[in-house]
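Take a look at the letters that make up each chain.
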Amino acid sequence: MSLPTLTLCRTCRDADPALFGQLAAALEAAGVKVRLQQADCMSGCQRPQTLAVRQSGKTAYLFGEITAGDLPDILTFLRMYGDSLDGNFADARPLGQLRFKAIARIPADMG
């Protein structure tokens, strides 16, 4: 199966230019394998700084108001996402505050 792709907006109003590097370092330190990229705009302007997570065959997520303080919850999300067959969770409470930062959940292609 393919790796999850994380896309962080770099042009959000008040975007933290250091966040991409902090996220990359946290992922590496935790041994979490993903594809990490940046985008110029993901239309999450009402809740900047946005982060998308997607993987083939799984539900995709768009989160807003992401800060360095969310890094531990993002790592938890990625572990749960990796363990899930379809990208959905029966209980999102382990995600801490990140669960309240979800903007959208996009169903996987039904193929």
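This section reports on the structure supplied with the text. (Residues numbered from 1 in each chain as written. Predicted model: local features only at pLDDT ≥ 70, side-chain atom pairs only at ≥ 80, totals over all residues. Heavy atoms only, no water.)

## Examining the sheet that holds strand β1 (residues 5-9)
Each strand in a sheet pairs with its neighbour through backbone hydrogen bonds, running either in the same direction (parallel) or in the opposite one (antiparallel).
Here is step 1: Spatially, five strands are ordered β2-β1-β3-β4-β5 in an open sheet, and the strand pairing comes out mixed. The outermost strands of the open sheet, each flanked by one partner alone, are β2 (35-39) and β5 (102-106). Ignoring strand direction, the axes of neighbouring strands in this sheet form an average angle of 15°.
Here is step 2: Relative to strand β3 (residues 51-54), β1 runs antiparallel, the two being bridged by four bridges. Bridge pairing in β3 places Thr5 opposite Arg54.
Here is step 3: Where helix α1 (residues 19-30) meets the sheet, its contacts fall on β1, β2 and β3, and the angle it forms with β2 comes to roughly 175°.
Here is step 4: In this fold helix α2 (residues 71-83) packs onto β1, β3 and β4 (60-63), with an angle of close to 15° to the strand it touches most, β3. (Pairing = 2+ DSSP bridges. Helix = DSSP H or I, 4+ residues; strand = E, 2+ residues; numbered from the N terminus. Axes fitted to C-alpha atoms, helices over the stretch in contact; angles between N-to-C directions. Contact = heavy atoms within 4.5 Å.)

## Some words on unusual backbone geometry
Here is step 1: Omega for the peptide link from Pro48 to Gln49 comes to 10°, which places this bond in the cis form.
Here is step 2: One non-glycine residue, Ser43, lies in positive phi territory at about 60°.
Here is step 3: Along the chain, Ser43 turns up in the loop between β2 and β3.

Function cannot be inferred from these measures alone, as they are strictly geometric.
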